[in-house]
Amino acid sequence: MPPPVRKALADDYAELARMLEKLEQGHVHIAVFGEVSVGKSSLLNALVGEDLFSTSPLHGETRSSAMVAWEEQRSGGVYLVDTPGINEVEGEARETLARDVAARSDLLLFVVDGDLSAAERTALDGLLAMGRPLIVVLNKSDRYTDDELAGLLEHIRGSLEERVAPENILPASADPAPRVRVIREADGSEHEETEEREPDVEAVRRRLWEILDAEGKSLAAVNASLFAGQFSEELGRRVIEVRRQVAERLVRTYCIAKGIAVALNPVPVADLFAAAMVDASMVVHLSRLYGMPLNRAEAGSLIATIAKQMVALMGTVWAVHFVSSAIKFGTGGMSVMLTAGAQGAVAYYGTYIIGRAAERYFAQGKSWGPGGPKLVVEEILESVDRESILAQARDDLKSRLKASA
Ligand SMILES: Nc1nc2c(ncn2[C@@H]2O[C@H](COP(=O)(O)OP(=O)(O)OP(=O)(O)O)[C@@H](O)[C@H]2O)c(=O)[nH]1
Ligand SMILES: [Mg+2]
């Protein structure tokens, strides 16, 4: 590599080294963004349960980014990162900082304290483009009545539809103002009583842990590869390799989830490919891994396209054949277990093919190529050894089902 290029990339490499270290240690970074004074630092304090970040009613209290460990019983290696508010003053510098922090983070919190302004929408779009899971937090919810809050949330959810899933738009009161009550005595005199209120960030906490539990360490892996992909073409080959490995692991994880879901709730054979919830999550996840985030609706139609080709190519004859060969699953002899296991294995296989096809689609820059989806699915069906995937499904499912029995 020519020295000038190397020099130009030195910072990137240093950054990548940090990312890889973070990946090795299994660290996950959650970073907070938003306009000045919306309560970003307060939110992090409420999550940690300690006033670790300085807050103030004055705009621009937080001047640089800072990080603390989030010590919850389940945690280990989860860090919370505070950032200065994005605003007009020093606008560009702050945006650059925000983008750098976001690129290094695995999960983003975007805090607002009312309906989103045009500037907030622009900032939010910039963050969404980075492909990380993102939660929009409507803070200072104590300033609204229950009805107002419900209305405002509905409005924001509606206006961000297609960009942020409703379950990722949540209210919080990180540092509620004391409630002042006027007490009227029997003799007609009045006095005021102030009542301190506790922060309420439960909804955000719960959602964060849902995401962390579901995607856990793979978040860091996904983002390290996303990050690598973002800064340098030189690392392209390595990135593709890392991506492929992460994608393979990811697809397998979803195959197991799907297989187990179907094994525990057997469905008619015809519905095997219709139970697409797990597949949709997988495709959304894969799309992020390849830096081309899709929403659930888009993921759904991509799956429909692939499934249509699968059915056309394999047909019902195949399904019957396949179920009977999969039935060699289980040795327990219980017939329910047998059908369940067989169905689970078929579902596993279906999800595997969908995952591989979707991955190919993303790897080709969101395109099926000249042969269209038919050719891609055909090639994948031919290249994948059905028996070995089935055997892998049996192994994976058998051990999980045993564990849960
Ligand atoms: N009423 C109410 N006030 C809040 C809430 N959360 C934060 N505040 C207040 O909002 C002000 C700003 O809070 P900070 O946490 O410093 O906000 P920030 O977003 O970190 O601000 P900068 O660092 O300046 O960008 C403080 O006076 C907080 O007490 C809340 O839930 N309800
Ligand atoms: Mg702050």
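The structure presented is a predicted model; accordingly, all values stated were derived computationally and were not measured.

This part covers the overall build of the protein chain. For the protein chain, the helix and strand inventory stands at 12 helices and 8 strands. A burial count over the protein chain gives 47% of its 405 residues as buried. Once local pairs closer than 6 in sequence are excluded, the contacts in the protein chain between residues at least 24 apart make up 71%. Accessible surface, the protein chain: about 20,200 Å² in total, of which carbon and sulfur atoms supply 53%.

Here we come to the pairing of strand 4 (residues 107-112). Extensive coverage of strand 4 is indicated by the burial of 6 of its 6 residues. Residues Leu-107, Leu-109 and Val-111 of strand 4 are buried on one face, and the alternating residues Leu-108, Phe-110 and Val-112, pointing to the opposite face, are buried as well. Pairing geometry for strand 1 (residues 28-34) and strand 4, over 5 bridges, is parallel. From the neighbouring strand, Val-32 faces strand 4, where its bridge partner is Leu-109. One ladder, built from 5 bridges, connects strand 4 with strand 5 (residues 134-138); its direction is parallel. The residue of strand 5 that forms the bridge with Leu-108 is Leu-134. For the crossover that starts at strand 4, traverses helix 4 (residues 118-128) and ends in the parallel strand 5, the hand is right-handed.

Right, let's talk about the layout of surface pockets for a bit. Considered as a void within the structure, the largest pocket measures approximately 1,200 Å³ in volume. Asn-168, Glu-215, Val-284, Arg-288 and Arg-296 are the residues nearest the centre of the largest pocket, which is lined by 42 residues in total. Counting residues per element, the ones that place at least two in the lining of the largest pocket are helix 6 (202-231), helix 7 (236-264), helix 8 (277-289) and helix 9 (296-326). Examining the composition of the lining of the largest pocket, we find that 8 residues originate from one element, helix 6, more than from any other. Inspection of the lining of the largest pocket shows a minimum of three residues originating in each of domain 1 (24-209) and domain 2 (232-404). Lining the second largest pocket are 25 residues, with Ser-37, Gly-39, Ser-42, Ser-56 and Lys-140 sitting closest to its centre.

Taken together, 25 residues surround ligand 1, and among them Lys-40, Ser-42, Glu-61, Asp-142 and Asp-175 come closest. Between Ser-37 and ligand 1, the recorded distance is 2.9 Å, taken from a backbone N or O atom to an oxygen atom. Between an oxygen atom of ligand 1 and a side-chain N or O atom of Lys-40, the distance comes to 2.7 Å. Relative to its unbound accessible surface of 650 Å², ligand 1 loses 91% to contact with the protein. A majority-of-atoms criterion places ligand 1 in the second largest pocket.

About the thresholds
Residues numbered from 1 in each chain as written. Chains lettered and ligands numbered in written order. Predicted model: local features only at pLDDT ≥ 70, side-chain atom pairs only at ≥ 80, totals over all residues. Heavy atoms only, no water. Helix = DSSP H or I, 4+ residues; strand = E, 2+ residues; numbered from the N terminus. Buried < 20%, exposed > 50% of the residue type's maximum accessible area, 1.4 Å probe, protein only. Contact = heavy atoms within 4.5 Å. Areas by Shrake-Rupley, 256 points an atom, 1.4 Å probe, with all protein chains shown as cover. Pairing = 2+ DSSP bridges. Right-handed = clockwise from strand over helix to strand, strands pointing away. 1 Å grid on protein atoms, 1.4 Å probe; cavity = no way out; pocket = protein on both sides within 12 Å on 5 of 7 lines; lining within 4 Å. Points joined across faces, edges and corners; volume = space filled by probe spheres on them. Domains from an automatic or database assignment. Near = heavy atom within 4 Å. Polar contact = N/O pair within 3.5 Å; in protein donor to acceptor, adjacent residues only side chain to side chain. Sits in = over half its atoms within 2 Å of the grid points.

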